[in-house]
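Per-entry structural report
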Amino acid sequence: MFKQIALSLLVASIAAPALADSEVNVYSARKEQLIKPLFDKFTAATGIKVNLVTGKDDALLERLKLEGENTPADLLMTADAGRLYRAVQMELTQPVESATLKKDIPENLRDPANQWFGLTSRARPIFYVKDKVKPEELSTYEDLADSKWKGRICVRSSDNIYNQSMLGSMIAVNGAEKAQAWANGLVKNFARPPEGGDRDQIKAAAAGQCDIAISNTYYYVQMLTGEEAEDKAAAEKMAIFWPNQSDRGTHINISGAAVTKTAKNKDNAIKLMEFLVNDESQKWYAEANQEYPVKAGIAPSAMLKGWGEFKADSLNLSELGKHNAEAVKIMDKAGWK
């Protein structure tokens, strides 16, 4: 009972300001420092105040479901297309018609039914220890299941959405049977039971626990450019390899947003999404967050440029969510902890 009352009070406290026309309420799984500077710019440009609530992706989805029509949220932001797809399946979002969003965001980085839109992208390539692996030894994600990599691969656990989405993309392209065979082989090649986040895989490789790590690009950049000397030293022992350049391309994902089903400030929510894909915002994402802009013509940061151009997988990212449940089953069956 206490929890119900507390939640009601919390909803009421957040809902009250949402009634104003000059506001928009955002539930975000992205950390505040990764988005608030842009929200402040949006407010300065439009006069629309942004009320921000941050939390874990799945917790925010459950909160939206629990709040129902009473939710104050107008916009949901996540760091993965898979959870945006999940929000659509839970009927927590609504379609949006925006010529700006359609024009500025590539078709494969937005929902075919306009329920969600990618705002930035990131790649999930292979990282290798420079003095242990030659780049010519690497080729594709599929090749990581070969026995030559036995005891040499570090990757985080199967409950991580980034890995689930990566496997989901393989199911979409190669089919479930081949994806299962790949997962079986990959698990046999693990150097250790999965543990930690993406940065921890790079650190483990640099420390000699494995030769190969799979990580999102922005984590690697954060290690190279952050204040932790230990992180920087570990990252500098590693190099990046873009897999699958002769076929479908390197797996990518997005951070994105969707207007909630019962948004009280729908127009403001759309204005905010459109603001986040304008040239200035996309440049900010590139330079401050070290993410790849989704808008054509906006250059990535100098560091990302330095890694060279690569062929990105052009699969529509709604496929990641579509195959998520099957990916989890395959991982479980393969013994991917």
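These lines cover the structure that appears in this document, whether it is placed above or below. Position numbers for residues start from 1 in each chain and track the written sequence from start to end. Under the rules for a predicted model, residues below a pLDDT of 70 receive no local features and side-chain atom pairs below 80 are neither given nor counted, while totals for whole chains, interfaces and linings still include all residues. Note: side-chain values were computed over all heavy atoms of the structure, leaving out hydrogens and water.

1. A look at the nonpolar core
How we decide: Residues enter a nonpolar core if they are buried and are Ala, Val, Leu, Ile, Met, Phe, Trp, Tyr or Cys, with the set joined through side-chain atoms within 4.5 Å. Burial classes: relative accessible area under 20% of the type maximum marks a residue as buried, over 50% as exposed, and values in between as partly exposed (1.4 Å probe, protein chains only). Going along the chain from the N terminus, every DSSP run of H or I of four or more residues is numbered as a helix, and every run of E of two or more is numbered as a strand. Contact definition: two residues touch when any of their heavy atoms are within 4.5 Å.
With 60 residues, the main nonpolar core has L75, M77, L276 and W307 as its most contacted residues. At six residues, the largest contribution of residues to this core is made by helix α11 (residues 266-276). With residues up to four places along the chain from it excluded, the contact list for L276 reads L38, F39, M77, L119, S281, Q282 and Y285.

2. Brief notes about the state of the cysteines
Basically, it comes down to this: The rule for a disulfide is simple: a pair of cysteine sulfur atoms within 2.5 Å.
Under the defined criterion, the tally for this structure stands at one disulfide. Each sulfur of the disulfide joining C154 and C210 lies 2.1 Å from the other. The chirality of the disulfide connecting C154 with C210 is left-handed, given an S-S dihedral of about -115°. Of this pair, C154 sits in strand β6 (residues 153-154) while C210 sits in the loop between α8 (198-206) and β7 (212-214), and the two are 56 residues apart along the sequence.

3. Things to note about helix α10 (residues 229-236)
The line we're drawing: To be clear, the arc concerns the directions from the helix axis to the C-beta atoms.
Three or more residues of α10 are buried, namely D231, A234 and A235. Buried residues of α10 fall within an arc of 95° about the axis and therefore sit on the same side. Contacts made by the buried residues of α10 are with α8, α9 (217-225) and β8 (238-241).

4. A word on the packing of helix α7 (residues 176-188) against helix α15 (residues 324-334)
As a reminder, the rule being used: Helix axes are fitted only over the stretch in contact, all axes being lines through C-alpha atoms; the angle between N-to-C directions runs from 0 to 180 degrees. For classification purposes, an angle smaller than 35 degrees is called roughly parallel, one larger than 145 roughly antiparallel, one from 65 to 115 roughly perpendicular, and anything else oblique. By definition, turning the near helix anticlockwise from the far helix through less than a right angle yields a left-handed crossing, and turning it clockwise yields a right-handed one. Residues were grouped as follows: Ala, Val, Leu, Ile, Met, Phe, Trp, Tyr, Cys and Pro as nonpolar; Asp, Glu, Lys and Arg as charged; and all remaining residues, including Gly, as polar.
Contact geometry of α7 with α15 gives a least axis separation of 9 Å together with a crossing angle of 40°. Judged on the interaxial angle alone, α15 and α7 are oblique. For the element pair α7 and α15, the recorded crossing hand is right-handed. Taken together, the residues of α15 that come into contact with α7 (itself represented by A176, A179, Q180, A183, N184 and V187) are E326, I330, K333 and A334. Residues that form the contact of α7 with α15 fall into these classes: six nonpolar, two polar and two charged.

5. Considerations on the environment of M166
Position of M166 among the secondary structure elements: in helix α6 (residues 161-174). Counting along the chain gives 25 residues from M166 to Y141, while the straight-line C-alpha distance between them is 9.6 Å. With near-sequence residues (within four places) excluded, M166 lies in contact with R124, Y141, W182, I214 and H251.

6. Overview of the packing of aromatic side chains
Inclusion rule: In this scheme Phe, Tyr and Trp rings, the latter by its six-membered ring, pair at centre separations within 6.5 Å, and the angle between planes marks the pair as stacked below 30 degrees, edge-to-face above 60, and tilted otherwise.
With the rule as written, the count across this model stands at 10 aromatic pairs. Taken together, a centroid distance of 4.4 Å and an interplanar angle of 40° make the contact between Y218 and Y219 tilted. Residue Y218 is classed as buried on the basis of its relative accessible area, which comes to 6%. For Y219, a relative accessible area of 14% translates into the label buried. Pairing Y292 with F310 gives two aromatic rings, centres 5.7 Å apart and planes at 70°, and the pair type is edge-to-face. Of this pair, Y292 sits in strand β10 (residues 292-293) while F310 sits in the loop between α13 (302-306) and α14 (318-322); the two residues are 18 residues apart in sequence, bridging distant segments of the chain. On the basis of relative accessibility, which here comes to 11%, the residue Y292 falls in the buried class.

7. Focus: the sheet that holds β10
For clarity, the threshold we go by: Strand pairing requires that DSSP identify at least two bridges connecting the strands.
Judged by pairing direction, the sheet is mixed, and its six strands sit side by side in the order β2-β1-β3-β9-β4-β10 without closing on themselves. In this open sheet, the two edge strands, each paired with only one partner strand, are β2 (49-54) and β10. Alignment of strand β4 (residues 117-123) against strand β9 (residues 252-259), held across six bridges, turns out to be antiparallel. The residue of β9 that forms the bridge with T120 is S255. Sheet contacts for helix α2 (residues 32-46): β1 (23-28), β2 and β3 (75-78); angle to β2, the most-contacted strand, approximately 165°. Its contacts with the sheet place helix α4 (residues 81-89) against β3 and β9, and it is angled at close to 35° to β9.

Honestly, it's all geometry; don't read function into it.
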